[in-house]
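These are the residues of each chain, in order.
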Amino acid sequence: MDGDLTDADLAARFQRDPELFTAVYDRHYRDIYRYVAGRLDVQAGEDVAAETFLTAFAERDRFDPGRGELRPWLFGIATNLVARHRRTEARHYRALAAAPEPSDGGHENRVVASVAAQRMRPELAAALTALSRGERDVVLLVALGQLSHEEVAQALGISYGTVGSRLSRARKKLNEAIDREAFHG
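Notes on the structure follow. A quick note: this is a predicted structure, and the numbers were derived from the prediction, not measured.

**What about the environment of Arg-171?**
Here is step 1 of the chain: Tracing the chain through its elements places Arg-171 in helix α9 (residues 160–184).
Here is step 2 of the chain: With 35 residues separating them along the chain, Arg-171 and Arg-136 place their C-alpha atoms 10.0 Å apart.

**Remarks on unusual backbone geometry**
Here is step 1 of the chain: With a phi close to 55°, Gln-146 is a non-glycine residue in the positive phi region.
Here is step 2 of the chain: Structurally, Gln-146 can be placed in the loop between α7 (133–143) and α8 (149–156).
Here is step 3 of the chain: When its relative accessible area of 55% is taken as the criterion, Gln-146 is described as exposed.

**Observations regarding the packing of aromatic side chains**
Here is step 1 of the chain: Considering all chains together, one arrives at 10 aromatic pairs under this definition.
Here is step 2 of the chain: When the centroid spacing of 6.1 Å and the interplanar angle of 35° are considered together, the rings of Phe-14 and Phe-63 count as tilted. Pair noted here: Phe-14 is in the loop between α1 (7–13) and α2 (21–39) and Phe-63 is in the loop between α3 (42–58) and α4 (70–84), with a separation of 49 residues, a long-range link. For the residue pair Phe-14 and Phe-63, the accessibility class agrees, reading buried in each case.
Here is step 3 of the chain: Ring-pair connections join several aromatic residues into one group, and the members of that group are Phe-14, Phe-21, Phe-57, Phe-63 and Trp-73.

The rules behind the values
- Residues numbered from 1 in each chain as written.
- Predicted model: local features only at pLDDT ≥ 70, side-chain atom pairs only at ≥ 80, totals over all residues.
- Heavy atoms only, no water.
- Helix = DSSP H or I, 4+ residues; strand = E, 2+ residues; numbered from the N terminus.
- Buried < 20%, exposed > 50% of the residue type's maximum accessible area, 1.4 Å probe, protein only.
- Phe/Tyr/Trp six-rings, centres within 6.5 Å; stacked < 30°, edge-to-face > 60°.

Quick look at the structure:
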């Protein structure tokens, strides 16, 4: 029965019926985990994703469907928890930036895009570290969380226009950082 419920149905009912919150967890855990693990690391991703749902469950009475949808609300909680782990996140990006390029295991059939992505990882990590917190939150909610601009606005409690301007500034900074590396590499 839980699979037949929409997010709006769940949001309207889980406050009265806490058992329904398991459907919220089952439906959204994977996306929250991927987003948080991309921001931090695998272990912290598991911890923070779990903490996201513990927090959401504890604050389920405070969820207001009139202010936005369930998915962005969960991503907003996750983003706030990531901010608390900000030092860990910064160390993670610094470590990625300093890491030597991974050696190719010799498998001839690797996809060219995958190899290029691995080579760009240190430069991308350094560029992400250079972004402001707001810019980084927007970029990673779009890239890792695959949220729309409207969902990002709801998750962060900012206007749609602010999402667009932060994303534009962040993309420009990332492109400049990566292009600069390409010319010097």
